Amino acid sequence: MTVTIYHNPRCSKSRQTLALLEERGIKPVIKEYLNDVPDKEELNNILAMLSKSPRDLMRKNESEYKENGLDDISLSDDDLIQAMINAPKLIERPIVICNGKASIGRPPESVLDIL
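For clarity, every value in this text was computed on a predicted model and none was experimentally measured.

### A closer look at the sheet that holds strand E1 (residues 3-6)
Sheet architecture is open: four strands sit in the order E2-E1-E3-E4, paired in mixed fashion. This sheet does not close on itself; its edge strands, each paired only once, are strand E2 (29-31) and strand E4 (101-104). Taking the axes of each pair of neighbouring strands and ignoring which way they run, one obtains an average angle of 20° across the sheet. Strands E1, E2 and strand E3 (95-98) of the sheet are contacted by helix H1 (residues 12-23), whose axis makes an angle of about 165° with E1. Sheet strands in contact with helix H2 (residues 40-50) are E1, E2, E3 and E4, and its direction is about 85° off that of E4.

Below you can see the structure in the form of structure tokens.
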């Protein structure tokens, strides 16, 4: 079983989710998405696994969200995905992927449902 976590080591929820996985003996593939930015195809796959729209995956309180006018409802999904690629800080975290399913670790325990 391969488990992948889209991780930001500076985020407490991300660190807690990683610790939760490791406590269960899971050694996930760690993708520090701020440095290893997911591409459009990867983000589309994650969105499909989460059954979410791009806007649902965005951190709306980040300054980049407001500064780039991303609250504009006329923006397409492709526009929003491109915005996340340009500013990966906008991507909600952590995201855990296992067996073709994904979960956002907020709260961290929510990822246990897909393991």
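### Quick notes on the pattern of salt bridges
Going through the model one piece at a time under the given rule, you end up with eight salt bridges. Residues Asp-36 and Lys-31 are paired through a salt bridge, measuring 3.8 Å at the closest nitrogen-oxygen approach. As a salt-bridge pair, Glu-62 and Lys-89 come within 3.6 Å of each other at their nearest N and O atoms. Placement of Glu-62 in the loop between H2 and helix H3 (63-67) and of Lys-89 in the loop between helix H4 (77-86) and E3 is noted, with a sequence separation of 27 residues between them. For Glu-62, a relative accessible area of 12% translates into the label buried. The exposure class assigned to Lys-89 is partly exposed, which follows from its relative accessible area of 36%. What emerges from the salt-bridge pattern is a single network uniting Arg-59, Glu-62, Glu-64, Lys-89, Glu-92 and Arg-106.

### Examining the side chain of Ser-14
One can find Ser-14 in helix H1. Ser-14 has contacts with Ile-5, Tyr-6, His-7, Asn-8 and Pro-94, leaving out every residue within four places of it along the chain.

### Description of the pairing of E3
What you see with E3 is no split at all: Ile-95 and Ile-97 on one side and Val-96 and Cys-98 on the other are buried throughout. Of the pairings in the sheet, the one linking E3 to E4 comprises four bridges and is antiparallel in character. Across the sheet, Ile-95 pairs through a bridge with Ile-104, a residue of E4.

### Details of the environment of Arg-55
Tracing the backbone shows Arg-55 in the loop between H2 and H3. On the accessibility criterion, Arg-55 (19% relative accessible area) is buried. Apart from residues no more than four positions distant in its own chain, Arg-55 is found in contact with Lys-60, Tyr-65, Leu-70, Asp-71, Asp-72, Ile-73, Leu-75 and Leu-80. Here the side chain of Arg-55 touches Leu-70 through a polar contact of 2.4 Å, landing on its backbone oxygen.

### Digging into H2
Among all positions of H2, only Glu-42, Leu-43, Ile-46, Leu-47 and Leu-50 are buried. Buried residues of H2, viewed axially, fall in a sector of 135°; they line one side. Seen from the buried face of H2, the exposed residues on the opposite side, beyond 90 degrees, are Glu-41 and Ala-48. Close packing links the buried residues of H2 with E1, E2, H4, E3 and E4. The N-capping residue of H2, defined by a side-chain oxygen 3.2 Å from the backbone nitrogen of Glu-41, is Asp-39.

What counts as what
Residues numbered from 1 in each chain as written. Predicted model: local features only at pLDDT ≥ 70, side-chain atom pairs only at ≥ 80, totals over all residues. Heavy atoms only, no water. Pairing = 2+ DSSP bridges. Helix = DSSP H or I, 4+ residues; strand = E, 2+ residues; numbered from the N terminus. Axes fitted to C-alpha atoms, helices over the stretch in contact; angles between N-to-C directions. Contact = heavy atoms within 4.5 Å. Salt bridge = Lys/Arg side-chain N within 4 Å of Asp/Glu carboxyl O. Buried < 20%, exposed > 50% of the residue type's maximum accessible area, 1.4 Å probe, protein only. Polar contact = N/O pair within 3.5 Å; in protein donor to acceptor, adjacent residues only side chain to side chain. Arc of directions from axis to C-beta.

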